[in-house]
Amino acid sequence: VQLQASGGGLVQAGGSLRLSCAASGRTFSTYALGWFRQAPGKEREIVASISGSGGSTYYTDSVKGRFTISRDNAKNTVYLQMNSLKPEDTAVYYCAAVRTSGTNYYYYAPTRKAAYDYWGQGTQVTVSS
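Here we summarise the structure given alongside this text. Quick caveat: nothing in here was measured; it's all calculated off a predicted structure.

### Considerations on the environment of Leu19
Position of Leu19 relative to the elements: it lies in strand β3 (residues 17-23). Beyond its immediate chain neighbours, meaning those up to four positions away, Leu19 contacts Ser6, Gly7, Gly8, Trp35, Val78, Tyr79, Leu80, Met82, Tyr93, Thr123 and Val125.

In structure tokens, the structure reads:
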């Protein structure tokens, strides 16, 4: 599967952005998806993830209550709605995918980088203070 992330930009603190990640292929719903970010000089970290069904999600503590991950399997797209943005949210944001099967379709929303097989190219998010 190929992933194409978009929607990044420059926004003031307190503002909002919605990132999108469009995927190729006809089996999009079988993939668990994640959003990661990497700030300069830091490791790439998980932001949020979602299972194939969309019924299971994960958020890192720093974004809980501000960010929402969702997916539209009919459009082969995963979204990250980011509200109340802070300067510390500044990073390159990446989407990632891993194929799932069986009951993992409902519950598997991995948080480790190594769990994902496919990565998008990244989109820059800059939050000014």
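### Some thoughts on the nonpolar core
Where a protein is soluble and globular, its nonpolar side chains tend to be buried together. Ranked by size, the top nonpolar core spans 29 residues in total, and within it Trp35, Val47, Phe67, Ile69, Leu80, Met82 and Tyr93 carry the most contacts. Broken down by secondary-structure element, the contributors of at least two residues to this core are β1 (3-6), β3, β4 (31-38), β5 (45-50), β7 (67-72), β8 (77-82), β9 (91-99) and β11 (123-128). Ala32, Ala96, Val98 and Tyr116 belong to the second-largest nonpolar core, a separate cluster that totals 7 residues.

### Observations concerning the pattern of salt bridges
One pass over the full model with this rule turns up 5 salt bridges. With a shortest N-O distance of 2.8 Å, Glu45 and Arg37 are connected by a salt bridge. With a closest N to O distance of 2.8 Å, Asp89 and Arg66 form a salt bridge. Taken together, the residues Asp89 in the loop between β8 and β9 and Arg66 in the loop between β6 (57-59) and β7 connect sequence positions 23 residues apart.

### Concerning the sheet that holds β8
On the basis of which strands lie adjacent, the open sheet formed by 4 strands has the order β1-β3-β8-β7 and antiparallel pairing. The sheet terminates laterally at β1 and β7, the two strands that pair on one side only. Adjacent strand axes in the sheet meet at a mean angle of 15° when their direction is disregarded. Sheet topology note: the β1/β3 ladder contains 4 bridges and is antiparallel. When the bridges of β3 are listed, Ser6 appears paired with Ser20.

### Overview of the packing of aromatic side chains
In the structure shown here, the tally under the stated rule is 6 aromatic pairs. Clustering of aromatic rings is evident, with ring pairs tying together Phe36, Tyr116 and Trp119. Over the ring of Tyr94 we find Arg44, and its NZ or CZ is 3.6 Å from the ring centre. Seen from the ring of Phe28, Arg71 lies directly overhead, with NZ or CZ sitting 4.7 Å from the centre.

### Describing unusual backbone geometry
Of note, the phi angle at Asn76 is positive, near 55°, even though the residue is not glycine. Within the secondary structure, Asn76 is located in the loop between β7 and β8. Of note, the phi angle at Ser84 is positive, near 50°, even though the residue is not glycine. If you trace the backbone, Ser84 turns up in the loop between β8 and β9. For Ser84, a relative accessible area of 41% puts it in the partly exposed group.

Reading guide: rules and limits
- Residues numbered from 1 in each chain as written.
- Predicted model: local features only at pLDDT ≥ 70, side-chain atom pairs only at ≥ 80, totals over all residues.
- Heavy atoms only, no water.
- Helix = DSSP H or I, 4+ residues; strand = E, 2+ residues; numbered from the N terminus.
- Contact = heavy atoms within 4.5 Å.
- Core = buried A, V, L, I, M, F, W, Y, C linked by side-chain atoms within 4.5 Å.
- Buried < 20%, exposed > 50% of the residue type's maximum accessible area, 1.4 Å probe, protein only.
- Salt bridge = Lys/Arg side-chain N within 4 Å of Asp/Glu carboxyl O.
- Pairing = 2+ DSSP bridges.
- Axes fitted to C-alpha atoms, helices over the stretch in contact; angles between N-to-C directions.
- Phe/Tyr/Trp six-rings, centres within 6.5 Å; stacked < 30°, edge-to-face > 60°.
- Lys NZ or Arg CZ within 6 Å of the ring centre and 35° of its normal.

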